[in-house]
Amino acid sequence: MRILIHENYQSLSKWVAYYLANKINQAKPTAKKPFVLGLPTGSSPVGTYQELVQIYKQGKVSFQNVVTFNMDEYVAIPEEHPQSYHYFMWSHLFSHIDIKKENVNILNGNAPNLEKECDQYEEKIKKMGGIDLFLGGIGEDGHIAFNEPGSSLSSRTRVKTLTYDTRVANSRFFENDIKKVPKLALTVGVGTVMDSREVVIIISGYNKARALHQVVEGSVNHIWTVSMLQLHRKGMIVCDDNSTMELKVGTVRYFKDIEQQTLNNLPEL
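Cut-offs and rules
- Residues numbered from 1 in each chain as written.
- Predicted model: local features only at pLDDT ≥ 70, side-chain atom pairs only at ≥ 80, totals over all residues.
- Heavy atoms only, no water.
- Helix = DSSP H or I, 4+ residues; strand = E, 2+ residues; numbered from the N terminus.
- Rg over C-alpha atoms; globule rule 2.2 N^0.38 Å.
- Buried < 20%, exposed > 50% of the residue type's maximum accessible area, 1.4 Å probe, protein only.
- Contact = heavy atoms within 4.5 Å.
- Areas by Shrake-Rupley, 256 points an atom, 1.4 Å probe, with all protein chains shown as cover.
- Axes fitted to C-alpha atoms, helices over the stretch in contact; angles between N-to-C directions.
- Parallel < 35°, antiparallel > 145°, perpendicular 65-115°, else oblique.
- Left-handed = near helix turned anticlockwise from the far one by under 90°.
- Nonpolar A, V, L, I, M, F, W, Y, C, P; charged D, E, K, R; others polar.
- Arc of directions from axis to C-beta.
- Pairing = 2+ DSSP bridges.
- Phe/Tyr/Trp six-rings, centres within 6.5 Å; stacked < 30°, edge-to-face > 60°.

Caption draft 1: Structural context of the overall build of the chain. Helix and strand counts for the chain stand at nine helices and ten strands. Against the compact-globule benchmark of 18 Å for 269 residues, the chain has a radius of gyration of 18 Å, which places it among compact chains. Considering only C-alpha atoms, the chain reaches an extent of 50 × 40 × 35 Å along its principal axes. In the chain, which comprises 269 residues, the proportion classed as buried is 55%. A separation of at least 24 residues holds for 80% of the contacts in the chain among residues at least 6 apart in sequence. Looking at the chain as shown, the accessible area adds up to about 12,500 Å², and 48% of this sits on carbon and sulfur atoms.

Pasting the structure below:
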């Protein structure tokens, strides 16, 4: 597992955006063989999405032949609701780039049969040949997507009951009223993410320091679900200095030393 420790959120966001754009360009995707990208919502990727929009506007990358699969969506709120993940993605990224609407895949939290919706999502990923790169963030408790503590590390896309902690954390998006936060969500599983050919996780801020410590220096376990990244053949964490406060000094120095050249240079476009 690679760990790239940037000075701040702005620096890591720009690096991740250039890394994603570079991966798309290297793949030279076509309509018949698109680049398949998994995407998250939440505060972690916002800076990366802003940088991707700028890279696109500079003519350095195209999303014409990119197919996306989002990690999750709330159950029983309209797609046009300001806190739905459909709204989030179109607001922060999709409306500002040249991606085709038919290439965007987001779970339907209002589907008449939620279990069927989840099964079909898994099948569509398989039909696309799997996900080339899954970008993700984590919660303060080390969860990825809505795979909260106790989730199976081999889980697939499914309906998930949200914990009280998650609903409290997300209430800041719902006028700080936990009663307005949905209790159910649809989410890809840990196994779904791990099947991707590459996984890149963004971790930023002191409030994520304990989670980063557990994911990097702890064991692989179903309480800190992102810890499964330790077993991925091509997993990478891109974080900032503030998030490393719980890591051992030796761990931080080691990764800063071996990744120094990478940190000092943006991926070429």
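Caption draft 2: Representation of the packing of helix α1 (residues 9-27) against helix α2 (residues 46-57). Closest axis-to-axis distance for the α1/α2 pair is 8 Å, and the angle between their directions is 50°. In terms of their interaxial angle, α1 and α2 are classed as oblique. Relative to α2, α1 is oriented so that their crossing is right-handed. Of α2, the residues touching α1 (which contributes Tyr9, Ser13, Lys14, Val16, Ala17, Tyr18, Leu20 and Ala21) are Val46, Gly47, Thr48, Glu51, Leu52 and Ile55. Split by residue class, the contact of α1 with α2 holds nine nonpolar, three polar and two charged.

Caption draft 3: Main features of helix α7 (residues 209-217). Three or more residues of α7 are buried, namely Ala209, Ala211, Leu212, Val215 and Val216. Down the axis of α7, the smallest arc covering the buried residues is 155°, so these residues share one side. Against β1 (2-6), β9 (199-203), β10 (235-240) and α8 (249-258) lie the buried residues of α7.

Caption draft 4: Structural view of the sheet that holds strand β8 (residues 184-187). Pairing is antiparallel across the open sheet formed by three strands, whose spatial order is β4-β8-β7. The outermost strands of the open sheet, each flanked by one partner alone, are β4 (72-74) and β7 (158-161). The sheet shows a mean angle of 30° between the axes of neighbouring strands, taken without regard to direction. Sheet analysis places β7 next to β8, joined by four bridges and oriented antiparallel. In the sheet register, valine 159 faces β8, and the bridge partner there is leucine 186. Its contacts with the sheet put helix α4 (residues 114-127) on β7 and β8, and the angle it makes with β7 is roughly 125°.

Caption draft 5: Representation of the packing of α2 against helix α3 (residues 85-92) within the structure. Contact geometry for α2 and α3: axes closest at 10 Å, N-to-C directions at 40°. One finds that α2 runs oblique with respect to α3. Contacts from Val46, Tyr49 and Val53 in α2 reach Phe88, Met89 and His92 in α3. Residue classes in the contact of α2 with α3 are distributed as five nonpolar, one polar and no charged.

Caption draft 6: Layout of the sheet that holds strand β5 (residues 104-105). On the basis of which strands lie adjacent, the open sheet formed by seven strands has the order β1-β10-β9-β6-β2-β3-β5 and parallel pairing. Here the strands that pair on one side only, and so sit at the sheet edges, are β1 and β5. Here five bridges tie strand β2 (residues 35-39) to strand β3 (residues 66-70), and the two strands are oriented parallel to one another. Bridge pairing links glycine 38 to phenylalanine 69 in β3.

Caption draft 7: Spotlight on the environment of valine 181. With respect to the helices and strands, the residue valine 181 is situated in the loop between α5 (164-170) and β8. Taking the relative accessible area as the measure of exposure, valine 181 reaches 2% and is therefore buried. The spacing of valine 181 and asparagine 170 is eleven residues in sequence and 7.1 Å in space, taken between C-alpha atoms. The contacts of valine 181, once residues within four sequence positions are left out, are Arg167, Asn170, Ser171 and Phe174.

Caption draft 8: How the structure looks around the packing of aromatic side chains. For the structure on display, the rule yields eight aromatic pairs. Centroid distance tryptophan 15 to tyrosine 19: 5.0 Å. Interplanar angle 15°. Geometry classified as stacked. Pair noted here: tryptophan 15 and tyrosine 19 are both in helix α1, with a separation of four residues, about one helical turn. Note on tryptophan 15: relative accessible area 3%, which makes it buried. Residue classification places tyrosine 19 among the buried residues on the basis of a relative accessible area of 10%. Each residue in the set Tyr74, Tyr85, Phe146 and Phe174 is aromatic and connected to the rest through ring pairs, giving one cluster.

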